[in-house]
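Observations on the model geometry
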Amino acid sequence: MVAWGLAASLTGLVQTKSQFYVARFVLGFFEGGVWPAVLILLASWFPLRERARANALWMACLPLSSVLMAPLSGWMLDHASWRWVLVLQGVPPLVWAVVWWFAVADRPAQARWISRAEADHVERSIAADEAAKPSAGSGSYLDAVKQKSVLVLIGVYFFWITGFYGFNLWLPSVIKELTHDGSPTEVGLLTAIPFTVALAVMIANAAWSDRTGRRRQAVAVPLVVGIAALLLGQAVDGALPRMLLLCVTAAAVYAPYGPFWAIPGQLLRFEVVAVAMGLINALGNLGGFAGPYLVGWLTDVTGSSVTGFAVLSGFLAVAVALVTLGLRPSARPVRPLSGQAMEGT
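Residues numbered from 1 in each chain as written. Predicted model: local features only at pLDDT ≥ 70, side-chain atom pairs only at ≥ 80, totals over all residues. Heavy atoms only, no water.

Things to note about the overall build of the protein chain
Rules: In this description a helix means any DSSP run of H or I spanning at least four residues, a strand means any run of E spanning at least two, and both kinds are numbered starting from the N terminus. In this treatment the radius of gyration is a C-alpha quantity, and the globule benchmark scales as 2.2 Å times the residue count to the 0.38 power. Each residue is placed in one exposure class: buried if its accessible area under a 1.4 Å probe, protein chains only, is under 20% of its type's maximum, exposed if it is over 50%, and partly exposed if it falls in between. The accessible surface values rely on the Shrake-Rupley method and a 1.4 Å probe; as for residues, cover is taken only from the protein chains in view.
Secondary structure summary: the protein chain contains 17 helices and zero strands in total. In terms of overall size, the protein chain behaves like a compact globule, its C-alpha atoms giving a radius of gyration of 21 Å where 345 residues would be expected to give roughly 20 Å. Its C-alpha atoms put the protein chain at 55 × 45 × 35 Å along the principal axes. Burial status across the protein chain gives 46% buried among its 345 residues. Working note: accessible area of the protein chain is about 16700 Å², and carbon and sulfur atoms make up 69% of it.

Section: the confidence of the model for the protein chain
For clarity, the threshold we go by: pLDDT is defined as a per-residue confidence score from the predictor, taking values between 0 and 100.
Put simply, the protein chain has an average pLDDT of 85, and 92% of its residues get 70 or more. Mean pLDDT across the elements of the protein chain bottoms out in helix 9 (residues 141-145) (69) and peaks in helix 12 (residues 215-233) (94).

Quick word on the packing of aromatic side chains
Here is the rule: Classification of ring pairs rests on two measures: the distance between centres of Phe, Tyr or Trp rings, Trp counted by its six-membered ring, which must be within 6.5 Å, and the angle between planes, read as stacked under 30 degrees, edge-to-face over 60 and tilted in between.
Tallied over the entire structure, the rule returns 22 aromatic pairs. Ring geometry for F29 and F30: centres 5.3 Å apart, planes at 80°, overall edge-to-face. A relative accessible area of 57% means that F29 is categorised as exposed. Geometrically, the ring pair formed by W35 and Y257 is edge-to-face, given 6.0 Å between the ring centres and 65° between the ring planes. Of this pair, W35 sits in helix 3 (residues 34-43) while Y257 sits in helix 14 (residues 257-267), placing them 222 residues apart in sequence. Judged by its relative accessible area of 13%, W35 is buried.

Description of the environment of A56
Worth spelling out the cut-off: A contact between two residues is defined here by any heavy atoms of the two lying within 4.5 Å.
Mapped onto the secondary structure, A56 falls in helix 4 (residues 48-59). Excluding anything up to four places from it in sequence, A56 contacts M202, I203, A206 and G258.

A word on the packing of helix 10 (residues 148-179) against helix 14
The test is simple: Helix axes use the C-alpha atoms of the stretch in contact, all axes being lines fitted to C-alpha atoms, and the angles between their N-to-C directions lie in the range 0 to 180 degrees. Here is the rule for angles: anything less than 35 degrees is roughly parallel, anything more than 145 is roughly antiparallel, 65 through 115 is roughly perpendicular, and the remaining ranges are oblique. Each residue gets one of three labels, nonpolar for Ala, Val, Leu, Ile, Met, Phe, Trp, Tyr, Cys and Pro, charged for Asp, Glu, Lys and Arg, and polar for the others, Gly among them.
Between helix 10 and helix 14, the least distance of the axes is 11 Å, while the angle of their chain directions is 170°. As summarised for this structure, helix 10 and helix 14 are arranged roughly antiparallel, according to the angle between their axes. Between helix 10 and helix 14, the residues in contact are S149, L153, V156, Y157, W160, I161 and F164 and Y257, F260, W261, I263, P264 and L267, respectively. The residue inventory of the contact of helix 10 with helix 14, partitioned by class, reads 12 nonpolar, one polar and no charged.

Concerning the side chain of S66
Summarising the element assignment, S66 is placed in helix 5 (residues 61-79). With a relative accessible area of 19%, S66 lands in the buried category. Those residues in contact with S66 that lie beyond four places of it in its chain are P71, A192 and F195.

Overview of the side chain of S313
Of note, S313 is situated in helix 17 (residues 306-326). Once you skip the residues sitting within four places of it in the chain, S313 turns out to touch I227, L230 and L231.

Thoughts on the packing of helix 4 against helix 11 (residues 184-212)
Following both chains from N to C, one finds helix 4 and helix 11 inclined at 175°, their axes separated by 8 Å at the closest point. Put simply, helix 4 runs roughly antiparallel to helix 11. Of the residues in helix 11, those touching helix 4 at L48, R49, E50, R51, A52, R53, A56, L57 and M59 are M202, I203, A206, A207, S209 and D210. Among the residues making up the contact of helix 4 with helix 11, the classes are represented as nine nonpolar, one polar and five charged.

Some remarks on helix 10
Spelled out, the test is: Take the residue count of a helix, subtract one, and multiply by 1.5 Å to get its expected span.
A rise of 1.5 Å per residue sets the reference length of helix 10, with its 32 residues, at 46 Å; its end C-alpha atoms lie 48 Å apart and thus fit the reference within 8%. H180 occupies a position one or two residues after helix 10 and carries a positive phi of about 55°.

A look at helix 13 (residues 239-254)
Given a rise of 1.5 Å per residue, 16 residues ought to cover 22 Å, and the 22 Å separating the end C-alpha atoms of helix 13 matches this to within 8%. Every buried residue of helix 13 is listed here: R242, M243, L245, L246, C247, T249, A250, A251, A252, V253 and Y254. In the core, the buried residues of helix 13 are packed alongside helix 5, helix 10, helix 11, helix 12 and helix 14.

Regarding the pattern of salt bridges
To keep it simple, the criterion reads: Any Lys or Arg side-chain nitrogen found within 4 Å of a carboxyl oxygen on Asp or Glu counts as a salt bridge.
Following the criterion strictly, the structure yields three salt bridges and no others. The salt bridge involving R53 is made with D210; its shortest N-O contact spans 2.7 Å. Of this pair, R53 sits in helix 4 while D210 sits in helix 11, and the two are 157 residues apart along the sequence. The salt bridge partner of R116 is D120, with a shortest N-O separation of 3.8 Å. Of this pair, R116 and D120 both sit in helix 8 (residues 116-131), separated by four residues, roughly a single helical turn. Several salt bridges converge on common partners, so that one network encompasses R53, D210 and R215.

Written out as structure tokens, the structure is:
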């Protein structure tokens, strides 16, 4: 987190395009380690029956940061240069790293703020989850890629994130249409609306996933909705209908986060799941490059962005097919707190 914050601030000090590329690479390098590390931390604290909610509540930082920072960034740009905005926005990770160091424990047994009985209860619940899973080797990268489910999840995440960028590419054009080239503050306030909707749906979908145990459906169904909204959004005219579809798309592409990241822990033992989630995150996030590049290239070739968005919708459809057909339901059901049996993944 410290290196992440410093790299973020340094992007505001660059003088050339090459320096900016290097600074962004360094930023991504340090940022990439935080995500899987926190996922493993959550897996050490929450049993499977609570995992999707735990993931979603933490991952709420994604839409929540946009809800808060889009208007704030707009206001900052109205009163300062973009350089100062980048420098100042690298400071919060430095502050939070200090809080994190003193407030967070790797495991319940190491935490000073819960009782021994509570820590034992959590660790027994997690141990019971682990005991029901098949052995998975020593936890090397080779052991991880030998797992069919890991390869499928990498594919799901890649195609999902590639299509996810359809939302990110569409957002500026809708906001521009709504504001008629308004001020950065106005743009920021309107940008926060889709992310607010996404935040609510993201948490609700994770709660439903934990309650029913239907992880695959909690990933696939929102993505199907996202496909429809993304395609329809390129066909309709008018700022308000497009804004409404933008909110639907935002909710649809953010909703799978909690359930999706609960699936590796449900299928894989702890000694391999850390490496597996690191691989899924690292390789799947390559879609963040593929999506924008693909849309730009297709727009240049065809003279229209519609083809690019259609292809991104196709990527989301592949993600739906992989999560639906490529992952078999778990042999062991995820049980709610009451102990009643549920369906598996």
